[in-house]
Structure formats: structure tokens, C-alpha cells
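Architecture at a glance
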Amino acid sequence: WFGHKNAAFIVLYSDEGNRETGEKGFRGSNLIRMSEEQLVWLAASLERTKGYDHVFLFLHHPRWLSGRYPDGNWDRVHDLMVAAGNVSAVFAGHIHRQHYAGVRDGITYMTLATIGGVMPMDVPGTGWLSHMNMVTVRPSGFEMATIPVGAVLDPKAMTPEHLDDIDRARALPIEGLTESLELSGEGEASGEIRYRVLNGTQAPVEISAFMDDQAGDWRIGPRHRHLALEPSESRAISFRLERSRDDFQEVFSIPRLAVQVDYLGGGRRVSLPERRRFVPLRPAPLAYPNGAAKSDQALALDGKGGALWFAAEAIPDLAGTFTLEAWVRPEALDGDHTVIGRFAGRGAALLLSDGRPRLILGRQGQRLDLRGPEGLLRLGHWYHLAAVYDGARARLYLDGAQIAEVEAKADALRVKSGLPLYIGANPDENGGAGAFFQGALDEVRLSTLARYETARFDPPARHESDPQTLLLLHLDRDDGPFALDASPGRRHGIGVGAVSFVAR
């Protein structure tokens, strides 16, 4: 602690973790409690600062947010501050969102946002912003002003109620009322796509909906819809889409619905970031060609936007045992490069993270993140990568050798993802793609059983189909925009972005 003019500043250490084991983390009562040693130091420091008009306390983690830090011991810190009698405010960070928790026993609790840190958006009215706070201190009290780029805000407007309502506006329910449009083998489609939008917030909202086909190969009418919804009001919107075979050989795009919401609460208009989702297209039940017995091609991806897309309703969710596997040839090892992706806080994904094979699965609060060792992969080489979950344990394999294993609870997967499946990318919460694979993929197979249970097996050069095969992509031929599925389900995918084929 130190003093300046009429105020003292005390800084606490909120990343002590388990003092006995050295473990650190954000969850678990043994990791988020202030140690007895620090509490004794705090009591002594508060005694030494009693001559100041104000004491301001600082720490990294906002431990008073019990939803984020359950079973902590912040009440003991609070009681010490109350007993001191001159603690005016507590400031924290970590969550990268401004949050005003109000005044408790005369002590103001404030969590600041960030300066250029990771955020889902930079919109001051949502609490997510890059900013500075100006605190004006006088003997009788203090005032705060938040200064983002181009504005000055009252941070006390970011109450839990306001932030919760903003979050509801960000996730405004957009229900698809049409199952999908069938796309013929010649690229033809025609029909109406309908959605229902519900305003679940406590304030009016204005909505702009736009249908974007990127390449201009669809006839869409109308392209724009505008809605004004009162709280709890819902409205249906529709778009007519048509595509002829004339454009099939030249360009192909999957139309996307873009939705932008303006939240009209708290005496201000907050324009939230645009959300996009693909229109559900269903490839016709194309027959997988006979005689495709040799896989001499592979799918090439540039790591910038190319992937194979499968509608959410086309691929059943993994709800029990499974195997994810593919042949991969990485051309980049830094960052995340997804092989099979269906994880956005829930679901499952197989990927390479900084060159390490990795499996993520589960849901919020019950997540498994299994990673293989470093240094196993080299650029430009082919590897067989597999992830297996048998209901009790999850395992990672590279070229048939087990490289990682961990216990996994059976109910970790019993959750509906509602997300599209990508090969070569991973969806975000709105179904958009990211973490693109850079390199080549071949022989991608998803199965509803644990195919490999021993420490070693011989990876097949070409995967075969059986009743437990959920998806099988030989990727040995260019069929226009389609990725033909050789499994019994014929769940064909569609290429988006830069997708091409190279010799294996």
C-alpha cells in the first residue's frame, strides 16, 4: 500500500491459488480464497491507513462476483474493510467488461473493462469497451467517469440488470421456421425461408435483417427487412430465394442471414454487432459414385476462410461414444487449426493448437480439453489423427500411437449443440466459421463408437463405412460445391470459401 495526498491505495494479490500445491486457476474454493497470511497483512494495512480520508482497494479478480467465484472468502475481506470505516471503493479487472455492483456498506464495487484486451465487441453501451476511468477525489467523496474513445460515460449505468438485458439483446432468439431448402445436383433451389424474431429484453429494439449471397448467384426478394419490437413482442420475417443451374459451373455461395440489433434502453441507442448465420441448404440425396476406390486427391485449405459446411440439422449431435479421425497435412502450426469442428462453449472439436493435437468437448462448466505433447508434427507431412471417447475416457492418437488420455464423465456430451459442423474450421456461437485449417485433409470419418481402444493400431489408408459411420468423406473427387458423404446417411456437405483439391 501507499498514500497520496488524502487517499491510501491498497493492492491485493488475487492469484495466490493453492499455497501448498502451487496450483492456480479460476475455479475451486482452494484456488480463489485469499490466504490467511494476506488477510492478516490486509488487517494490519487497514489499521495503518486509518488516518486517510479515503482508502481505495485494487485487485485483479472481482472476487465479490459470487457467480464467477463461488465458495470464495470475499466476505472476510469485506468485513475487514467495513471495520476500518474509511474504505471508499474497490476496483478490479479480469472480466474485460465494465460492471457496477453498487454500494455495499458504504463501499463502491467497480469492475473495469480493458485497454485493447479481448472482447466480443467494442460497444461502450454494452460494458465492453477500451477505456480509462477518471476518478476525482475530494475529502467529502469521489466521482467516476469512464472515458472510451470519443465519449464520456457514467460507469454506474453498467448495472447487472442493464448488462443482463444487453446480453439478451445480443442473443435475441431468431427461430428458423423453415427446415431447409433442397439444392439439386445441378445447383437449383427455390423456396421461402422464414424466421421468427422474439424481443426478450426489457426495452424496445429495432432490427435490420439482410440476406447476403456474397457471389450474387441467388435471386432474393426482398433483401432487407426492418422490424421494431416492443418487449416480449415477436414477429415473423421471410425471404424468397431462387437459384438456377445456369450459375452452377461458375460460382456458388450459401446465402447468409445478417441481423443487426439496436437496443433502445437506458436512455440511449446501443448498436450491437451484426450476427450472421447460413441459410439451411439440404443437398439432394445424391448417390455416391461407384468405382471411386482410390483416394488420390485431398482437400486443400488456405487457412483463411475455406471449409466444408454441414447444416446443424444434418449431422446428429455426439451424445455417447465416438471416434473423430482424419489424415492431415499441416502447412502451419502456430495458432488453432481445426480438423473437425463443432465447439462453441459446447459440442466437440478435433484440432491442432500450436502444433499439438487437441480434443475439446463438453459444455460450459463441464469441459474437457485434452492436448498431446509438443514437437510431434512437421510441416508438409501426412499424419493420421484420431480422437476416441468411450464413455469413460478420452484418448488422442497420432499415426496409431496413443499420445494422451484423460478420464471423462459420460454426461459431458449430453448436450445439444445446435451448431453446424465444419471440416477445416470451427463454428462460433452464431454458426460462423473461424480457426481455419491451413494445409490438406483427407479421409475424414466420424463414428458413433470407440473404434480404437488399444495403445496402438494400424491407421487405415482409406476409411471404410459401416452402420456406426456418421460421416465419411473420401475427398477424392471434385463434385462442384458438394462434399459427398460415403456413409449410409449420405449427409453431403457444401464447400465455403477457398476450397480446392490437390494430389495426395
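Presented here is an overview of the structure given in this document. (Residues numbered from 1 in each chain as written. Predicted model: local features only at pLDDT ≥ 70, side-chain atom pairs only at ≥ 80, totals over all residues. Heavy atoms only, no water.)

Description of empty space enclosed by the protein
Applying the stated rule across the entire model yields 2 cavities of 30 Å³ or more. Here the second largest cavity is characterised by a volume of approximately 60 Å³. Class assignment of the residues belonging to the lining of the second largest cavity gives a composition of 7 nonpolar, 1 polar and 3 charged. (1 Å grid on protein atoms, 1.4 Å probe; cavity = no way out; pocket = protein on both sides within 12 Å on 5 of 7 lines; lining within 4 Å. Points joined across faces, edges and corners; volume = space filled by probe spheres on them. Nonpolar A, V, L, I, M, F, W, Y, C, P; charged D, E, K, R; others polar.)

Observations regarding the pattern of salt bridges
Should their charged atoms come close, side chains of opposite charge can pair. Enumeration according to the criterion identifies 28 salt bridges in this entry. Each of Asp336, Arg358, Asp369 and Arg371 takes part in one network of salt bridges that share partners. (Salt bridge = Lys/Arg side-chain N within 4 Å of Asp/Glu carboxyl O.)

Side note on the sheet that holds strand 13 (residues 219-221)
One open sheet holds the 4 strands; their spatial order is 9-11-15-13, and the pairing between them is antiparallel. Looking at the sheet topology across the chains shown, the edges are occupied by strand 9 (174-176) and strand 13. Each neighbouring strand pair of the sheet contributes to a mean axis angle of 25°, computed without reference to strand direction. Note: strand 13 against strand 15 (residues 234-243), 3 bridges, orientation antiparallel. The residue of strand 15 that forms the bridge with Arg219 is Glu242. (Pairing = 2+ DSSP bridges. Helix = DSSP H or I, 4+ residues; strand = E, 2+ residues; numbered from the N terminus. Axes fitted to C-alpha atoms, helices over the stretch in contact; angles between N-to-C directions.)

Quick look at the layout of surface pockets
It is a probe the size of a water molecule, rolled over the atoms, that shows where empty space is left. Taken as a whole, the largest pocket encloses approximately 1000 Å³ of empty space. Lining the largest pocket are 43 residues, with Arg277, Gly418, Glu429, Asn430 and Gly431 positioned closest to its centre. Broken down by secondary-structure element, the contributors of at least two residues to the lining of the largest pocket are helix 4 (160-170), strand 9, strand 11 (189-198), strand 16 (256-263) and strand 18 (275-278). In terms of residues, the lining of the largest pocket owes the most to one element, strand 18, which gives 4 residues. In the lining of the largest pocket, the residues fall into 22 nonpolar, 6 polar and 15 charged.

Concerning the packing of aromatic side chains
Scanning all chains against the criterion turns up 15 aromatic pairs. Seen in terms of ring centroids, Phe56 and Phe91 are 6.3 Å apart; in terms of plane orientation they differ by 45°. Their pairing is tilted. Residue Phe56 is found in strand 3 (residues 54-58), and its partner Phe91 is found in strand 4 (residues 87-92); the two are separated by 35 residues along the sequence. Both residues of the pair, Phe56 and Phe91, count as buried. With centroids separated by 3.7 Å and ring planes inclined at 0°, the aromatic side chains of Tyr452 and Phe457 adopt a geometry described as stacked. The same class applies to Tyr452 as to Phe457, namely buried. (Phe/Tyr/Trp six-rings, centres within 6.5 Å; stacked < 30°, edge-to-face > 60°. Buried < 20%, exposed > 50% of the residue type's maximum accessible area, 1.4 Å probe, protein only.)

Examining the nonpolar core
Residues Ile207, Leu281 and Trp309 are the most contacted members of the largest nonpolar core, which totals 50 residues. Setting aside residues no more than four positions away along its own chain, Ile207 makes contact with Leu172, Val197, Arg225, His226, Leu227, Leu229, Val259, Gln260 and Val261. By size, the runner-up hydrophobic cluster in this structure holds 40 residues, among which are Phe310, Leu361, Leu385 and Leu441. (Core = buried A, V, L, I, M, F, W, Y, C linked by side-chain atoms within 4.5 Å. Contact = heavy atoms within 4.5 Å.)

What to know about the sheet that holds strand 5 (residues 99-104)
With mixed pairing, the 6 strands of this open sheet are ordered in space as 1-2-3-4-6-5. One side of each edge strand has no neighbouring strand; the edge strands of this open sheet are strand 1 (2-4) and strand 5. Strand-to-strand twist across the sheet, computed as the mean angle between neighbouring axes with direction ignored, equals 20°. Bridge count for strand 3 against strand 4 is 4 bridges, and the pairing is parallel. Following the sheet pairing, Phe56 is matched in strand 4 by Ala89.

Some remarks on the pairing of strand 36 (residues 493-496)
Covered by surrounding structure in strand 36 are Gly493 and Gly495 together with Ile494 and Val496, the residues of both alternating faces. With 3 bridges connecting them, strand 21 (residues 307-310) and strand 36 associate as antiparallel partners. Bridging from a neighbouring strand, Leu308 pairs with Gly495 of strand 36. In this sheet, strand 36 lies alongside strand 35 (residues 482-483) in antiparallel orientation, the contact comprising 2 bridges. Each bridged residue has a counterpart across the sheet, and for Ala483 the counterpart in strand 36 is Gly493.

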